[in-house]
Amino acid sequence: MVSTLLTALRVSAVTLALTGVLYPLAVTGVAQVLFPHEANGSLVKDDQGRVVGSELIAQGFTQASYFQPRPSAAGTGWDATASGGSNLGPTSRKLQDRAVAEADRLRRENPEAEGPVPAELVTASASGLDPQVSPEAALWQVPRVARARGVDPARVRALVLSRVEGRTFGVLGEPRVNVLTLNLAMDRQFGGPAPTASR
């Protein structure tokens, strides 16, 4: 009985050391060596070296001179501590009302945009924190952003197209544009918004 208990304790201690200490340290070490940027959260810095976000987590941009991401159902919106969707189904009246209200707002804010409002700009993702939009959704917003910044729309369009990321490994996912890095590129190329304005 005692020898069985001691054997069980030894096995538990070895398993704890291997899976709870050594393995996590090894994986963390390999990640820090091979993928330091990704292992540390894919943080994005501005020109002054300040961390302004992560490439992996969307932020809400409400100012006309910035591109906007998909709406968020995470917490009170874009809350990285409360990632998740609304869990509203396609027949939900609340979801339909929210999408209609969002589409109306976008049409008011983007009167020069051509075509219908892209569906992804009126619906939240499952995580509520998708950092990218499709190139089409970004290009749809170009007239508003160009007008707010006083820049030729063709120049803004060219910047958007230069920021399009292709499919991962050439086959996974769809082409996309990271909204945070696009907005930072806008500030670098065309200057930031007025200091009193908020993102």
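Given the structure is predicted, the values throughout are model-derived calculations rather than measurements. (Residues numbered from 1 in each chain as written. Predicted model: local features only at pLDDT ≥ 70, side-chain atom pairs only at ≥ 80, totals over all residues. Heavy atoms only, no water.)

## So, the overall build of the protein chain
Now for step 1: Secondary structure assignment for the protein chain yields seven helices and four strands.
Now for step 2: Walking the protein chain from its N terminus toward its C terminus, one meets helices and strands in the order α-α-β-β-α-β-α-α-α-β-α.
Now for step 3: Over its C-alpha atoms the protein chain spans a radius of gyration of 22 Å, topping by over 25% the 16 Å that the globule rule assigns to 199 residues.
Now for step 4: In terms of overall dimensions, the protein chain has C-alpha extents of about 80 × 45 × 40 Å along its principal axes.
Now for step 5: For the protein chain, the residues scored as buried account for 33% of the 199 residues in total.
Now for step 6: By element, 61% of the accessible surface of the protein chain is carried by carbon and sulfur atoms, the whole surface being about 12000 Å².
Now for step 7: With 20 positive and 18 negative side-chain charges, the protein chain shows a separation of 3 Å between the mean positions of the two kinds. (Helix = DSSP H or I, 4+ residues; strand = E, 2+ residues; numbered from the N terminus. Rg over C-alpha atoms; globule rule 2.2 N^0.38 Å. Buried < 20%, exposed > 50% of the residue type's maximum accessible area, 1.4 Å probe, protein only. Areas by Shrake-Rupley, 256 points an atom, 1.4 Å probe, with all protein chains shown as cover. Lys, Arg positive; Asp, Glu negative; His and termini not counted. Charge placed at Lys NZ, Arg CZ, Asp CG, Glu CD.)

## With respect to the pattern of salt bridges
Now for step 1: Summed over the entire model, instances satisfying the criterion amount to eleven salt bridges.
Now for step 2: A salt bridge links E174 to R167; the nearest nitrogen and oxygen atoms lie 3.0 Å apart.
Now for step 3: Of the residues examined, R167 reaches a relative accessible area of 38% and is grouped as partly exposed.
Now for step 4: Through salt bridges with shared partners, a single ionic network connects E102, R105 and E109. (Salt bridge = Lys/Arg side-chain N within 4 Å of Asp/Glu carboxyl O.)

## Digging into a nonpolar patch on the surface
Now for step 1: A cluster of nonpolar residues, V14, L18, V21, L22 and L25, forms a patch on the protein surface that exposes about 470 Å² of accessible area.
Now for step 2: Position of V14 relative to the elements: it lies in helix α1 (residues 2-34).
Now for step 3: Residue classification places V14 among the partly exposed positions, given a relative accessible area of 48%. (Patch = residues over 30% accessible without salt bridge, like charges linked within 9 Å, V, L, I, M, F, W, Y side chains within 5 Å.)

## Some thoughts on the environment of Q59
Now for step 1: Relative to the helices and strands, Q59 resides in the loop between β2 (51-54) and α3 (93-109).
Now for step 2: Residues within four places of Q59 in sequence aside, it is in contact with V52, G53, P69, W78 and L180.
Now for step 3: A polar contact of 2.7 Å, which involves the side chain of Q59, links it to the backbone oxygen of V52. (Contact = heavy atoms within 4.5 Å. Polar contact = N/O pair within 3.5 Å; in protein donor to acceptor, adjacent residues only side chain to side chain.)

## Brief notes about the packing of helix α6 (residues 153-162) against helix α7 (residues 179-190)
Now for step 1: One way to put it is that α6 packs onto α7 with a least axis distance of 10 Å and a crossing angle of 135°. With respect to each other, α6 and α7 are oriented oblique. The interaxial crossing formed by α6 with α7 has right-handed handedness. Across the interface between the two elements, R155, V156, L159 and V160 from α6 touch L182, A185, M186, Q189 and F190 from α7.
Now for step 2: Across the contact of α6 with α7, the residue classes break down as seven nonpolar, one polar and one charged. (Axes fitted to C-alpha atoms, helices over the stretch in contact; angles between N-to-C directions. Parallel < 35°, antiparallel > 145°, perpendicular 65-115°, else oblique. Left-handed = near helix turned anticlockwise from the far one by under 90°. Nonpolar A, V, L, I, M, F, W, Y, C, P; charged D, E, K, R; others polar.)

## Here's the deal with unusual backbone geometry
Now for step 1: Backbone geometry at S42 places phi at a positive 50°, although glycine is not the residue there.
Now for step 2: Summarising the element assignment, S42 is placed in the loop between α2 (36-39) and β1 (43-45).
Now for step 3: Classification of S42 by relative accessible area gives buried; the value is 3%.

## A short note on the confidence of the model for the protein chain
Now for step 1: Scored by pLDDT, the protein chain comes out at a mean of 90, with 96% of its residues at no less than 70.
Now for step 2: Here residues 195-199 scores under 50 on pLDDT; set against residues more than four positions off or in separate chains, the count is eleven contacts. (pLDDT = per-residue confidence, 0-100.)

## Here we look at the nonpolar core
Now for step 1: In terms of nonpolar packing, the biggest core is built from 32 residues, with F67, L121, V156, V160 and M186 touching the most fellow members.
Now for step 2: Of all elements in the fold, only α3, α4 (135-140), α5 (142-149), α6 and α7 reach the threshold of two or more residues within this core.
Now for step 3: No other element matches α7, which puts seven residues into this core.
Now for step 4: Apart from residues no more than four positions distant in its own chain, V160 is found in contact with F67, A138, L139, V142, V177 and L182. (Core = buried A, V, L, I, M, F, W, Y, C linked by side-chain atoms within 4.5 Å.)

## Description of the pairing of β2
Now for step 1: Looking at chain direction, β1 and β2 are connected through three bridges and run antiparallel. For L43, the partnering residue across the bridge sits in β2 and is S54. (Pairing = 2+ DSSP bridges.)

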